[in-house]
Amino acid sequence: MNDKEQFYRQIVLQKCVSPDLKELTHFLFFERKVIFLETGNQFLGTERVSKLMRQYAIPCIISLLVGALYNIVDSIFVAKLSENALTAVSLAFPLQTLLIAVATGTGVGMNALLSKSLGERNFKKANKVADNAAFIYAISYIVFLILGFTIVKPFYASQIGNADVEIMNLGIDYLSTVMIFSFGLFTQIFFERLLTSTGRTIFSMTSQLCGAITNIILDPIMIFGLLGFPKMGVTGAAVATVIGQCVAGIVAGTCNHKYNHEVSLSFKGFRPDIRLIGHIYAVGIPSIIMQSIGSIMTYSMNRILIEFSSTATAVFGVYFKLQSFFFMPVFGLNNGITPIIAYNYGAQQRKRMIRTIRISLTTAFCLTFIGFLCFEGIPQVLLGMFNASADML
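S.K.: Got a minute to help me understand the overall build of the protein in this structure?
M.R.: Within the protein, the regular secondary structure consists of 15 helices and 0 strands. Looking at the protein as a whole, 52% of its 393 residues qualify as buried.

Structure, rendered in structure tokens:
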């Protein structure tokens, strides 16, 4: 809020009109704006916890599911090319999971500090948190850009062992494209988390759906060369993923600019605040670790299974993608309750914090139990989505 807005704010709060105000309409505009700033997030401390969890957790769950959906949809279409192509995309999953984990985990830290600041009515700090979070996302992209050029080939070489070299070549093309052009993913998740932290979850879900639909439409077109496009194979799946993420990022950024008035970004004279960045990562790093620890397990299992056959690796890759559809909602639930707990912590409402945690634990158990029933009851149906060969079944 600039000096002029601060001046009008004082007028509104004092319920008086200054001679310096030339137009009553100008006064009324800022009155509405100040009232919105003062009351915009109070529902986090007054609304029913169950309703808040639906409002906040569902967009986070959808966000993570959409992130997993990109890889699953790619795998479903790529499986129609060959088993080697499916294996190549499956081997990319550990680094893709790490990429998503860094983006969403940073968002968790940003949301926690942002919601706490809003709960304390400290709007200046909230804006500063958003600015520093944007800086973190930019640095994160640069890191993965460098990794996309340097680490992808040794990453695949360490997994395939004596398997078909075609798997490595296909995988390098796919994963390099996803990582080098990951700016779409980071932009998408940054703006979606800003929207979620202020309760505008409908816009967050809209951007996610736009990106997912774009990816689903473009996948067969670019993989198989439909509608006049060249047949790009596995690389086409990566290109479709990147375009979908960019579309989602543009939609989320536009919605944030037009409708998210509680938090404003301004980089004029910006300098990174190490203390704020540390606070963001104090909450974000545990979430990043929790979401990415599966990457280490997947990478290790790939190295073991490839010694038996590439088919074994493909089966494990399919399983891990499918099980993410049941674990990602739990991670999304964790991300969704963070701003609720943070706000009520700032507002010193302990009972609401405890109730939020209890409901989330019960929900998490139900979600994972449903996953257990699906894997035990209909494994053939699940594998059939990936054009599974007789050996895979």
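S.K.: Even after reading the chapter, I still don't get the packing of aromatic side chains, so can you show me in this structure?
M.R.: The description of an aromatic ring pair uses the distance of the two centres, along with the angle that the planes make with each other. This model, assessed by the stated rule, comprises 14 aromatic pairs. Among the aromatic side chains, those forming a connected cluster through ring pairs are Tyr137, Phe144, Phe186, Phe190 and Phe191.

S.K.: Any chance you could explain the pattern of salt bridges here in plain terms?
M.R.: A side chain of one charge can pair with a side chain of the opposite charge when the charged atoms of the two come close. This model, assessed by the stated rule, comprises 1 salt bridge. With its nearest N and O atoms 3.1 Å apart, the salt bridge here joins Lys128 to Asp273. One end of the pair, Lys128, is in helix 6 (residues 123-150); the other, Asp273, is in the loop between helix 11 (234-259) and helix 12 (274-305), and 145 residues separate them in sequence. The class for Asp273 is buried, based on a relative accessible area of 15%.

S.K.: What is the right way to look at the state of the cysteines in this model?
M.R.: What makes a disulfide is a covalent bond joining the sulfur atoms belonging to two cysteines. On inspection of all chains with the given rule, the structure shows 0 disulfides. Just so you know, Cys255 is unpaired, no disulfide at all, and the nearest cysteine sulfur is the one on Cys210, 8.0 Å from it. By relative accessible area, Cys255 is classed as buried at 11%.

S.K.: What's the story with helix 14 (residues 350-377) in this structure? I'm lost.
M.R.: Given 3.6 residues per helical turn, the α-helix brings residues three or four places apart onto the same face. With 28 residues, helix 14 ought to run about 40 Å at 1.5 Å a step, and its terminal C-alpha atoms sit 41 Å apart, in line with that. Among the residues of helix 14, those classed as buried are Arg352, Met353, Thr356, Ser360, Ala364 and Gly371.

S.K.: It is not clear to me how the packing of helix 4 (residues 83-91) against helix 8 (residues 165-180) should be interpreted in this structure. Could you clarify?
M.R.: When two helices pack together, their arrangement is captured by the angle between the axes and the distance separating the axes. For the pair helix 4 and helix 8, the least separation of the axes is 8 Å and the interaxial angle reads 50°. Accordingly, the angle class assigned to the pair helix 4 and helix 8 is oblique. For the crossing formed where helix 4 meets helix 8, the hand is right-handed. Here Asn84, Ala85, Thr87, Ala88, Val89 and Leu91 of helix 4 come into contact with helix 8, specifically with Glu166, Ile167, Leu170, Gly171 and Tyr174. Residue classes in the contact of helix 4 with helix 8 are distributed as 7 nonpolar, 3 polar and 1 charged.

S.K.: Could you clarify how one ought to interpret the packing of helix 10 (residues 201-224) against helix 11 in this entry?
M.R.: At a minimum axis distance of 7 Å, the contact between helix 10 and helix 11 shows a crossing angle of 160°. Classed by the angle they form, the pair helix 10 and helix 11 counts as roughly antiparallel. Along this stretch, helix 10 crosses helix 11, giving a crossing that reads as right-handed. In terms of residue class, the contact of helix 10 with helix 11 is built from 15 nonpolar, 8 polar and 1 charged.

S.K.: Looking at this model, I keep getting lost on helix 4. Mind explaining?
M.R.: Of all 9 residues making up helix 4, 8 are buried, and the element is well covered by its neighbours. Within helix 4, the full set of buried residues consists of Asn84, Ala85, Leu86, Thr87, Ala88, Val89, Ser90 and Leu91.

S.K.: Where do I start with unusual backbone geometry in this structure?
M.R.: In terms of backbone geometry, most residues other than glycine have negative phi values and most peptide bonds are trans. A positive phi is found at Leu227, a non-glycine position, where the angle reads about 55°. The residue Leu227 is located in the loop between helix 10 and helix 11 in this model. Judged by its relative accessible area of 74%, Leu227 is exposed.

S.K.: Would you mind going over a nonpolar patch on the surface with me for this structure?
M.R.: Taken together, the side chains of Phe135, Ile139, Ile142, Val143 and Ile146 define a hydrophobic patch exposed on the protein surface, amounting to about 400 Å² of accessible area. The exposure class of Val143 is partly exposed, given its relative accessible area of 42%.

S.K.: So what exactly am I meant to see when it comes to the environment of Ala92 here?
M.R.: Among the structural elements, Ala92 can be located in the loop between helix 4 and helix 5 (93-119). Through-space distance from the C-alpha of Ala92 to that of Gly317 is 9.3 Å; in sequence the pair is 225 residues apart. Not counting residues within four places of it along the chain, the set of residues in contact with Ala92 comprises Phe155, Tyr156, Tyr174 and Leu175.

S.K.: Explain the side chain of Thr298 to me, please; I cannot follow it from the model alone.
M.R.: Mapped onto the secondary structure, Thr298 falls in helix 12. Those residues in contact with Thr298, other than ones at most four positions away along the chain, are Pro94, Phe316 and Phe320.

Reading guide: rules and limits
Residues numbered from 1 in each chain as written. Predicted model: local features only at pLDDT ≥ 70, side-chain atom pairs only at ≥ 80, totals over all residues. Heavy atoms only, no water. Helix = DSSP H or I, 4+ residues; strand = E, 2+ residues; numbered from the N terminus. Buried < 20%, exposed > 50% of the residue type's maximum accessible area, 1.4 Å probe, protein only. Phe/Tyr/Trp six-rings, centres within 6.5 Å; stacked < 30°, edge-to-face > 60°. Salt bridge = Lys/Arg side-chain N within 4 Å of Asp/Glu carboxyl O. Disulfide = S-S within 2.5 Å. Expected span 1.5 Å × (residues − 1). Axes fitted to C-alpha atoms, helices over the stretch in contact; angles between N-to-C directions. Parallel < 35°, antiparallel > 145°, perpendicular 65-115°, else oblique. Left-handed = near helix turned anticlockwise from the far one by under 90°. Contact = heavy atoms within 4.5 Å. Nonpolar A, V, L, I, M, F, W, Y, C, P; charged D, E, K, R; others polar. Patch = residues over 30% accessible without salt bridge, like charges linked within 9 Å, V, L, I, M, F, W, Y side chains within 5 Å. Areas by Shrake-Rupley, 256 points an atom, 1.4 Å probe, with all protein chains shown as cover.

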